[in-house]
Amino acid sequence: MNILVTLNSNYIKPLKVMLHSLFVNNQEEAFTVYLMHTSMKEAELSDINQYIVERGHRLVVITVTNDYFQAAPVVKHYTKEMYYRLLAFQFLPSDLDKIVYLDPDILVINEIRTLYDIDISGYLYAAAYHEVASATEINKLRLKPYDMDAYYNSGVLVMNLNLQREKIKEQEIFNYVEEHKKRLLYPDQDIINALYSQDIKNLDEVIYNYDPRYYRFYKAVSSGRKDVDYVIHNTCFIHYRGKKKPWHKNYTGKFHSIYKHYEKQALKE
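These numbers come from a predicted model, not from an experiment.

J.: Outline the overall build of the protein, listing residues and values.
T.: Helices and strands together make up the secondary structure of the protein, namely eleven helices and nine strands. Computed over C-alpha atoms, the radius of gyration of the protein comes to 18 Å, within 12% of the 18 Å expected from 2.2 N^0.38 for 269 residues, which places it in the range of a compact globule. The C-alpha extent of the protein, read off along each of the three principal axes, is 50 × 45 × 40 Å. Within the protein, the proportion of its 269 residues that are buried is 54%. Sequence separation of at least 24 residues holds for 80% of the intrachain contacts in the protein that already meet a minimum separation of 6. Surface exposure of the protein reaches about 13100 Å², of which carbon and sulfur atoms provide 48%. Charged side chains of the protein number 34 positive and 34 negative; the gap between the two group centres comes to 7 Å.

Dropping the structure here:
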C-alpha cells in the first residue's frame, strides 16, 4: 500500500507518531512510504528510514531540488512546497496508479484498506469536506466564481495518479496562483478546490477526516450517536487541524489523551 507524505524537519516527530499509529492498526499491510522534501538532512532521512524499516515497511525518499518550480509563484509565508501534493504525480514512479496522501498531524486509529480500495475511476481525488455550515459557505464565497459544491480538506487524499497525469497541468496551477494571490488562505487546498472540486469523490468526514474541534457538532447532528465510542470503533483518521497541535504542551482539545498514548509508544527510546 502506498502512502505519500511531504514535510520538513519540524514535523519529524509528528510523522513518526502518525506512522506508528498507521502501522499498529494495519498490521496485515505492507506499506511503501514516499517522502517528498527539499531541505531535510541526510541524518534525518536516515533516522526516518530506520524507523520505518525496523517496523517492516519501506521508505522511498523523493528530493525536490530548488531547480523545480523556479518560475512558480508563491503566496505570503508559504513556500514552493505547497505544490508538492498537487504535482506529486510528476515525481512518483510512472507505474504507480494510486496513493494516499496523509498530513503528519493525523492519527490512524483503524484500518485503511477500505479507503485504499475505494473506486475513484473518473475522479482525481477522494477527500472529505467539513460540514460546519459557516466554514463551508465562507470558503465557497471566497473562491467564487469557481464551481464548488463543497470545500474539501486536503489533509487526507486518495490520489488517482493516472488521471492526474492526464488532466492536471502545472501551468494552469501557476496561473491560478498568480491571478488569485490576494484571496488564497490555504494555497494548496484552495487550488484543489477551485480547480478540481468537481473531480473529487466525497468521503465521510467523520470516518476519514475527523476534526476533534467539531466533536459536539458531530454528536449533535447524529442525535448523540457519534460519540467517543463511535469514533474509537469507526473513525479511520483523527486530523488535528488548526494552529493548536496535540504535541504542544498547552493543547487541551478533544482526543488529546489518545494522541499522547500513541506519541509515547512511537517516540520511546
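Continuing now.
J.: Can you explain helix α6 (residues 170-179)? Please cite residues and give values.
T.: Along an α-helix, residues three or four positions apart point the same way, because every turn accommodates 3.6 residues. Three or more residues of α6 are buried, namely Ile173, Phe174, Tyr176 and Val177. Seen along its axis, α6 keeps its buried residues to an arc of 160°; they face one direction. Where α6 is buried, its residues touch α7 (187-196).

J.: Pulling in residues and values, what's your account of unusual backbone geometry?
T.: Although it is not a glycine, Ser223 sits at a positive phi angle of roughly 55°. Relative to the helices and strands, Ser223 is located in the loop between α9 (215-221) and α10 (228-234). The backbone phi angle of Phe255 is positive, close to 60°, even though this residue is not glycine. Within the element layout of this structure, Phe255 appears in the loop between β9 (237-239) and α11 (256-267).

J.: So what about the packing of helix α1 (residues 12-24) against helix α2 (residues 42-53)? Which residues, and what values?
T.: It is at 11 Å that the axes of α1 and α2 come closest, and there the two elements cross at 15°. In this view, α1 runs roughly parallel relative to α2, as classed from their interaxial angle. Crossing of α1 over α2 shows right-handed handedness. Residue-level contacts link Ile12, Leu15, Lys16, Leu19, His20 and Phe23 of α1 to Glu44, Asp47, Ile48, Tyr51 and Ile52 of α2. Grouping the constituent residues of the contact of α1 with α2 by class yields seven nonpolar, one polar and three charged.

J.: How would you summarise the pairing of strand β2 (residues 32-37) if you had to cite specific residues and measurements?
T.: Most of β2 sits out of view: six of its six residues are buried. Across the two faces of β2 the burial is the same, with Thr32, Tyr34 and Met36 and Val33, Leu35 and His37 all buried. For the crossover that starts at strand β1 (residues 2-6), traverses α1 and ends in the parallel β2, the hand is right-handed. Summarising the sheet, β2 and strand β3 (residues 58-63) pair through six bridges and their orientation is parallel. Looking at the pairing, Tyr34 lines up with Val60 of β3. For the crossover from β2 across α2 to β3, the handedness is right-handed.

J.: Provide a residue-level description of the sheet that holds β1, including the pertinent values.
T.: Consider a sheet: its strands pair through backbone hydrogen bonds, and that pairing is either parallel or antiparallel. The strand order β3-β2-β1-β4-β7-β6-β8 describes an open sheet built from seven strands, whose pairing is mixed. One side of each edge strand has no neighbouring strand; the edge strands of this open sheet are β3 and β8 (200-203). In this sheet, adjacent strand axes meet at a mean angle of 25° when their direction is disregarded. Across two bridges, the pairing between strand β6 (residues 125-128) and strand β7 (residues 156-160) is antiparallel. Residue pairing in the sheet places Ala126 in a bridge with Val158 of β7. Relative to the sheet, α2 contacts β2 and β3, its axis offset from that of β3 by approximately 155°.

J.: Any chance you could break down the pattern of salt bridges for me, citing the residues and the numbers?
T.: Pairs can form between side chains of opposite charge once their charged atoms are near each other. In total, this model carries eleven salt bridges according to the counting rule given. We note a salt bridge from Asp211 to Arg241, for which the minimum N-O separation is 2.7 Å. Separated by 30 residues along the polypeptide, Asp211 in the loop between α8 (205-208) and α9 and Arg241 in the loop between β9 and α11 bring together distant segments of the chain. The network of salt bridges with common partners includes Glu29, Arg113 and Asp117.

J.: Quick one: what's the story with the packing of α6 against α7, residue by residue and with numbers?
T.: Contact geometry for α6 and α7: axes closest at 11 Å, N-to-C directions at 110°. Classified by the angle their axes make, α6 and α7 are roughly perpendicular. Here α6 and α7 pass one another in a crossing that is right-handed. The segment α6 lies against α7, with Glu172, Ile173, Tyr176 and Val177 engaging Asp190, Ile191, Ala194, Leu195 and Tyr196. Looking at the contact of α6 with α7 residue by residue, the classes come out as seven nonpolar, no polar and two charged.

Cut-offs used in this document
Residues numbered from 1 in each chain as written. Predicted model: local features only at pLDDT ≥ 70, side-chain atom pairs only at ≥ 80, totals over all residues. Heavy atoms only, no water. Helix = DSSP H or I, 4+ residues; strand = E, 2+ residues; numbered from the N terminus. Rg over C-alpha atoms; globule rule 2.2 N^0.38 Å. Buried < 20%, exposed > 50% of the residue type's maximum accessible area, 1.4 Å probe, protein only. Contact = heavy atoms within 4.5 Å. Areas by Shrake-Rupley, 256 points an atom, 1.4 Å probe, with all protein chains shown as cover. Lys, Arg positive; Asp, Glu negative; His and termini not counted. Charge placed at Lys NZ, Arg CZ, Asp CG, Glu CD. Arc of directions from axis to C-beta. Axes fitted to C-alpha atoms, helices over the stretch in contact; angles between N-to-C directions. Parallel < 35°, antiparallel > 145°, perpendicular 65-115°, else oblique. Left-handed = near helix turned anticlockwise from the far one by under 90°. Nonpolar A, V, L, I, M, F, W, Y, C, P; charged D, E, K, R; others polar. Right-handed = clockwise from strand over helix to strand, strands pointing away. Pairing = 2+ DSSP bridges. Salt bridge = Lys/Arg side-chain N within 4 Å of Asp/Glu carboxyl O.

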